[in-house]
Amino acid sequence: MTREESLTLLTQAGAVKRGATMWRRRLLDAVADAGMRTMQWLVILLLLVMTVTLLMRSLPILRQVGALELLRSHAWHPMAGRFGLAPFIAGSIAVTVVAMAIAVIPAIFCGVYMAEYTSARTRAWLKPLIDLLVGIPSVVYGLWGVLFVVPLIRDRIGPAVDAALGPMSPFFRQTNPSGYGVLAAGVVLALMTFPLIVAVTEEVMRSAPQQMRETLLALGATRWETTKCIVRHAALPGVMAAVVLGFSRAFGETLAVMMVVGNAPRAPTSLFDAAYPLPALIANNYSEMMSVPLYDSALMAAALILLVVVLCFNAVARLVIHRLTGQP
Amino acid sequence: MSKHLSDSILQASVRPAQSLHLKRRRFEESVFLALMRLCMLGAAAALGLILAVIFWRGVGALSVEMLTQPPRGNFYLGGGGGIANAIAGSILLASGATAAAFCLAAPLALYLHAYARRSRLAAWVRLTLDVLWGIPSIVYGAFGFSLMVFLGLRASLLAGVLTLSLVVLPILARTLDEVLRMAPPQLLETGFALGATRLEVAGLLLRQALPGLFTALLLAFGRGIGDAASVLFTAGYTDNLPGGLFSPVASLPLAVFFQLSAPFPSVQERAYASALVLTVMILVISLAAHLSMRRLGKHVVR
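**Digging into the overall build of chain A**
Of regular secondary structure, chain A possesses 12 helices and two strands. Order of helices (α) and strands (β) in chain A, N terminus to C terminus: α-α-α-β-β-α-α-α-α-α-α-α-α-α. The globule rule puts the C-alpha radius of gyration for 328 residues at 20 Å, and the 26 Å found for chain A is more than 25% above it. Taken along the three principal axes of its C-alpha coordinates, chain A extends 85 × 60 × 35 Å.

**Some thoughts on unusual backbone geometry**
Although it is not a glycine, Asn-263 of chain A adopts a positive phi angle of roughly 50°. Position of Asn-263 of chain A among the secondary structure elements: in the loop between helix H10 (255-260) and helix H11 (278-284).

**Some remarks on the domain arrangement of chain B**
By a frequent convention, interface size equals the accessible area lost on bringing the separate parts together. All names here are of chain B. Partitioning chain B into domains gives domain 1 (3-59) and domain 2 (65-299). Here the C-alpha centroids of domain 1 and domain 2 sit 35 Å apart. With six residues of domain 1 at the interface, the matching set in domain 2 holds eight residues. Between domain 1 and domain 2, roughly 580 Å² of surface is buried when both sides are summed, and carbon and sulfur atoms account for 78% of that area. Considering only the surface of domain 1 that becomes buried against domain 2, Ile-54, Phe-55 and Arg-57 emerge as the three largest contributors, covering 65% of it. For the pair domain 1 and domain 2, the interface holds zero salt bridges. On inspection of domain 1 and its partner domain 2, the count reaches zero residue pairs in polar contact (both at pLDDT 80 or more).

**Quick notes on the nonpolar core**
Within the largest apolar cluster, 210 residues are counted, with the highest numbers of intra-cluster contacts made by Tyr-141 of chain A together with Ile-135 of chain B. Ignoring sequence-local partners within four residues, the contact set of Tyr-141 of chain A consists of Leu-133, Ile-136, Val-188, Leu-191, Met-192 and Ala-256 of chain A together with Ile-50 of chain B.

**Concerning helix H4 (residues 86-117) of chain A**
Residue and element names in this part refer to chain A. Under the 1.5 Å per step criterion, the end-to-end length of H4 is 45 Å for 32 residues, consistent within 8% with the ideal 46 Å. Along H4, the largest kink reaches about 35° and is centred on Ala-103; proline Pro-106 follows within four residues of it. Where burial is concerned, most of H4 is hidden: 23 out of the 32 residues are buried.

**What to know about the side chain of Thr-128 of chain B**
Summarising the element assignment, Thr-128 of chain B is placed in helix H5 (residues 120-134). In this structure Thr-128 of chain B touches Val-43, Ile-44 and Leu-47 of chain A, once residues within four positions along its chain are discounted.

**A few points about the packing of aromatic side chains**
Residues and elements named next belong to chain A. The final tally for this structure, using the stated rule, is 15 aromatic pairs over all chains. Seen from their ring centres, Trp-76 and Phe-83 are 5.6 Å apart, and the 75° between their planes marks the pair as edge-to-face. When its relative accessible area of 3% is taken as the criterion, Phe-83 is described as buried. Through a chain of ring-to-ring contacts, three or more aromatic side chains come together here, namely Trp-76, Phe-83, Phe-88, Tyr-276 and Tyr-295.

**Some points on the packing of helix H6 (residues 137-151) of chain B against helix H7 (residues 157-181) of chain B**
All names here are of chain B. As a packed pair, H6 and H7 sit with axes 9 Å apart at the nearest point and diverge in direction by 140°. As summarised for this structure, H6 and H7 are arranged oblique, according to the angle between their axes. As for the relative orientation of H6 and H7, their crossing is right-handed in sense. Contacts from Ser-137, Tyr-140, Gly-141, Phe-143, Gly-144 and Met-148 in H6 reach Ala-159, Thr-163, Leu-166, Val-167 and Pro-170 in H7.

**A word on the pattern of salt bridges**
A side chain with one charge may pair with a side chain of the opposite charge, provided their charged atoms come close. Applying the stated criterion across every chain, the model contains 18 salt bridges over all chains. In this structure, Glu-202 of chain A engages Arg-206 of chain A in a salt bridge whose closest nitrogen and oxygen atoms are separated by 3.0 Å. Taken together, the residues span about one helical turn, with Glu-202 of chain A and Arg-206 of chain A both in helix H7 (residues 182-206) at a distance of four residues. On the basis of relative accessible area, Glu-202 of chain A is assigned to the buried category, the value being 2%. A salt bridge links Glu-28 of chain B to Lys-228 of chain A; the shortest N-O distance between them is 2.7 Å.

**Notes on the packing of helix H4 (residues 84-115) of chain B against helix H12 (residues 252-260) of chain B**
All names here are of chain B. Packing of H4 against H12 brings their axes to within 8 Å, and their N-to-C directions diverge by 145°. Packed against H4, whose contacting residues are Ala-86, Ile-87 and Ser-90, the element H12 presents Leu-252, Pro-253 and Ala-255 at the interface. Split into classes, the residues belonging to the contact of H4 with H12 amount to five nonpolar, one polar and no charged.

**Description of the interface of chain A and chain B**
Residue-level contacts link 94 residues of chain A with 94 residues of chain B. Taken over both partners, the interface formed by chain A and chain B buries close to 8700 Å², and the fraction arising from carbon and sulfur atoms is 78%. Summed over the shared surface of chain A and chain B, the number is five salt bridges. Close ionic contact of Glu-225 of chain A with Arg-25 of chain B constitutes a salt bridge, the shortest N to O distance being 2.8 Å. Classifying every residue of the side of chain A that touches chain B gives 69 nonpolar, 15 polar and 10 charged.

**With respect to the domain arrangement of chain A**
All names here are of chain A. Splitting chain A by domain gives domain 1 (3-65) and domain 2 (87-325). The C-alpha centroid of domain 2 is placed 36 Å from the C-alpha centroid of domain 1. In this complex, domain 1 contributes 11 residues to the contact, which on the side of domain 2 involves 10 residues. With both sides pooled, the region where domain 1 packs onto domain 2 buries about 970 Å², and carbon together with sulfur makes up 79% of that total. Three residues stand out in domain 1 for area buried against domain 2, namely Leu-54, Arg-57 and Ile-61, and they jointly supply 53% of the buried area on that side. Joining domain 1 to domain 2, the criterion identifies one salt bridge. The partner of Arg-57 in a salt bridge is Asp-296, with the nearest N and O atoms 3.6 Å apart.

**Details of the environment of Leu-157 of chain B**
Residues and elements named next belong to chain B. Secondary-structure assignment places Leu-157 in helix H7. Sequence-wise, Leu-157 and Ala-250 are 93 residues apart; in three dimensions their C-alpha atoms are separated by 9.0 Å. Beyond its immediate stretch of four places on either side in the chain, Leu-157 contacts Leu-92, Leu-93, Gly-244, Leu-245, Ser-247, Pro-248 and Val-249.

**Notes on the state of the cysteines**
Two cysteines whose sulfur atoms are joined by a covalent bond form what is called a disulfide. Throughout the structure, instances matching the rule amount to zero disulfides over all chains. Free cysteine: Cys-39 of chain B, not disulfide-bonded; nearest cysteine sulfur from Cys-110 of chain A at 5.1 Å. The exposure class of Cys-39 of chain B is buried, given its relative accessible area of 15%.

**Re the environment of Tyr-113 of chain A**
Relative to the helices and strands, Tyr-113 of chain A is located in helix H4. With 85 residues separating them in the primary sequence, Tyr-113 of chain A and Val-198 of chain A have C-alpha atoms 9.4 Å apart. Sequence-distant contacts of Tyr-113 of chain A, defined by excluding residues within four places in its chain, comprise Thr-118 and Leu-126 of chain A together with Leu-33, Met-36, Arg-37 and Met-40 of chain B. Only 2.9 Å separates the side chain of Tyr-113 of chain A from the side chain of Arg-37 of chain B, close enough to count as a polar contact.

**With respect to empty space enclosed by the protein**
Throughout the structure, instances matching the rule amount to five cavities of 30 Å³ or more. In this structure, the largest cavity occupies an estimated 520 Å³ of space. Lining the largest cavity are 30 residues, with Arg-249 and Glu-253 of chain A together with Ser-137, Arg-223 and Asp-227 of chain B sitting closest to its centre. Split by residue class, the lining of the largest cavity holds 17 nonpolar, nine polar and four charged. Of the volumes computed, that of the second largest cavity is approximately 60 Å³. Lining the second largest cavity we find Leu-196, Leu-245, Ser-248, Arg-249, Asn-314 and Arg-318 of chain A together with Asp-130, Trp-133 and Gly-134 of chain B. Mapped onto the lining of the second largest cavity, the elements with two or more residues apiece are helix H9 (223-252) and helix H12 (295-325) of chain A together with H5 of chain B.

Calculation criteria
Each chain carries its own residue numbering, running from 1 in the direction its sequence is written. The lettering of chains begins at A and the numbering of ligands begins at 1, in the order of writing. In keeping with the model being predicted, local features are shown solely for residues with a pLDDT of at least 70 and side-chain atom pairs are shown and tallied solely at 80 or more, while totals for entire chains, interfaces and linings include all residues. Side-chain metrics rest on all non-hydrogen atoms present in the structure, leaving aside hydrogens and water. Elements are defined by DSSP. Helices are runs of H or I of four residues or more, strands are runs of E of two residues or more, and each kind is numbered from the N terminus. Radius of gyration here is computed from C-alpha atoms only, and the compact-globule reference equals 2.2 Å multiplied by the residue count raised to the power 0.38. Domain extents, as shown, originate in an automatic or database domain assignment. Contacts were defined at the residue level, with two residues in contact if any of their heavy atoms lie within 4.5 Å. A simple way to read buried area is as the amount of 1.4 Å-probe accessible surface that goes missing from two parts once joined, with both sides added. Salt bridge, as applied in this entry: a Lys or Arg side-chain nitrogen positioned within 4 Å of an Asp or Glu carboxyl oxygen. Nitrogen and oxygen atoms within 3.5 Å of one another constitute a polar contact, given that in protein one can donate a hydrogen and the other can accept it, and given that sequence-neighbouring residues count only through two side-chain atoms. For the purposes of this section, nonpolar cores are sets of buried Ala, Val, Leu, Ile, Met, Phe, Trp, Tyr and Cys residues that join through side-chain atoms within 4.5 Å. Burial classification: accessible surface area is computed with a 1.4 Å probe over protein chains only, and a residue below 20% of its type maximum counts as buried, one above 50% as exposed, and the rest as partly exposed. Expected helix span is computed as 1.5 Å times (number of residues minus one). Throughout, the bend at a residue refers to the angle made by two axes, fitted to the seven residues ending there and to the seven starting there. Aromatic contacts are taken between Phe, Tyr and Trp rings whose centres are within 6.5 Å, Trp giving its six-membered ring; a plane angle under 30 degrees counts as stacked, one over 60 as edge-to-face, and the others as tilted. To obtain each axis, a line is fitted to C-alpha atoms, and for helices this fit is confined to the stretch in contact; angles are then taken between N-to-C directions over 0 to 180 degrees. When describing relative orientation, an angle under 35 degrees is termed roughly parallel and one over 145 degrees roughly antiparallel, while 65 to 115 degrees is termed roughly perpendicular and anything else oblique. Rotating anticlockwise by less than a right angle from the far helix to the near helix defines a left-handed crossing, while the corresponding clockwise rotation defines a right-handed one. Polar here means any residue other than Ala, Val, Leu, Ile, Met, Phe, Trp, Tyr, Cys and Pro, which are nonpolar, and Asp, Glu, Lys and Arg, which are charged; Gly is therefore polar. Note on disulfides: each one is a pair of cysteine sulfur atoms within 2.5 Å. A cavity here means a set of 1 Å grid points, computed over protein atoms only, where a 1.4 Å probe fits but cannot escape. A pocket is an open set with protein on both sides within 12 Å along at least 5 of 7 lines, and lining residues have an atom within 4 Å of a point. Grid points are joined across faces, edges and corners, and a volume is the space filled by probe spheres set on the points.

Structure follows, in structure tokens:
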């Protein structure tokens, strides 16, 4: 094929403008290369800029109070100039851990089921279902929590658990008759993180080598034994990464949690206590934060803590997943 | 296959045969299969429950006035009016943010496929996008707020769109990336073989991925419309219809939130109705995205 012929083909396909000279095409290519390469770096820079901005904005409080004191102190009296983030961090961790305790095992089971046991047709039905759970806005989850989960905990689960397990440990005592608290937030968060864990588990299971599956089946293993072996030898880090991703998603969820968690700035000691996670703290106080000295700085420090925790968890988990799925 | 792998396969296959009868192994399988099906069913039931509760509680307060009127003076005390301000505001915010993010995401994704194929930079950019995807929107909100203060902007549509576009960017870029990955590799190879420049090949790719691109845009739009934490600081809230780029706008999720925190039952009823409106919008968008993805699947060579 001559050069002219290939050029004609490209022009017909609409890739090359009629009558464009080679010089012009090369120039456009180079300009686009430079422009788009800058964009790539901008994206990487964005992470850096976000971290630095939040760090700069929280510097005043870090200087005044000290980072360790800020993380350790339980005294939260913004008007008196005392900022301790410990109750909020404890609240965030409590809510997230409860959510994970509820969500992880069913989500892994579902992910495994989607990867190993479904035909393409069933999957075409199940996948949109999981996707829809991702798509529902967090305020709708929150409202569902208020309308359904909170009354359920207040009237049924709370008294039952209190009667059965309360005498054994203060952790199960129904300290808070309203129903708004750690457990309600945990249930709502569990549903919100569920689809993420399912999707990632499925992805890493699917990227396990097909020969492994075939060999095991050929040797007479049942499907479940095959699955177990794949999880144990190929997918385990990926499944753990899925859980870590779910954890960090739950850690940063704002509106839904804020609506059902009760928002009391104390470290929760029982499953039914009201708590006050970090994102709720930021969202609830945005309006007054400019009027009290150091308040905005304290809230930005809270955002910085969120960012750093999520960043570390996400980076590690995503690295593991990229390794496993062999993304270029 | 590595030594380690073949050993473990041998172990896994030999051990059960020695210690367990086939019946017991089958039984174990059926138990776990039932468990997995149960979990799947539980998820479906939870989804159904959410939708049922939202529909059942929301339908009552829904009216034409709700959808077409902005709130009147005593709206939060149970007076007349509706949430047209929030619906319009949300659509403006989400479409603006999706458009802004698309301008950055499309070149990003195309570059990853036409220029930086299998390069180190591409791996890093994908990792960064994935990490950005995971960052909570409240952090974007706080960051956007800091930028606003720095630039001297007030809470406004513009600030809301900018912040929301940061939230949407990784979602859009990664979805586009996946869509472009589905394009047949022959397309690239043929293009390069005919002497096309990388930019021209990117154009070919873009045309091939057009239906998938539509899906990605819809998904990003749906995510943008449902996101509240990032616009809480930056877009503000107002009872008026959106006035301009530099005035605050209302958004649906925040409308739900604020109405719910009012002490009057009749206003709370409206929160349920607003949530229903939001949910229906999301359902329609998801359905459209799903259908367009199916159509895409038909025409792509795999």
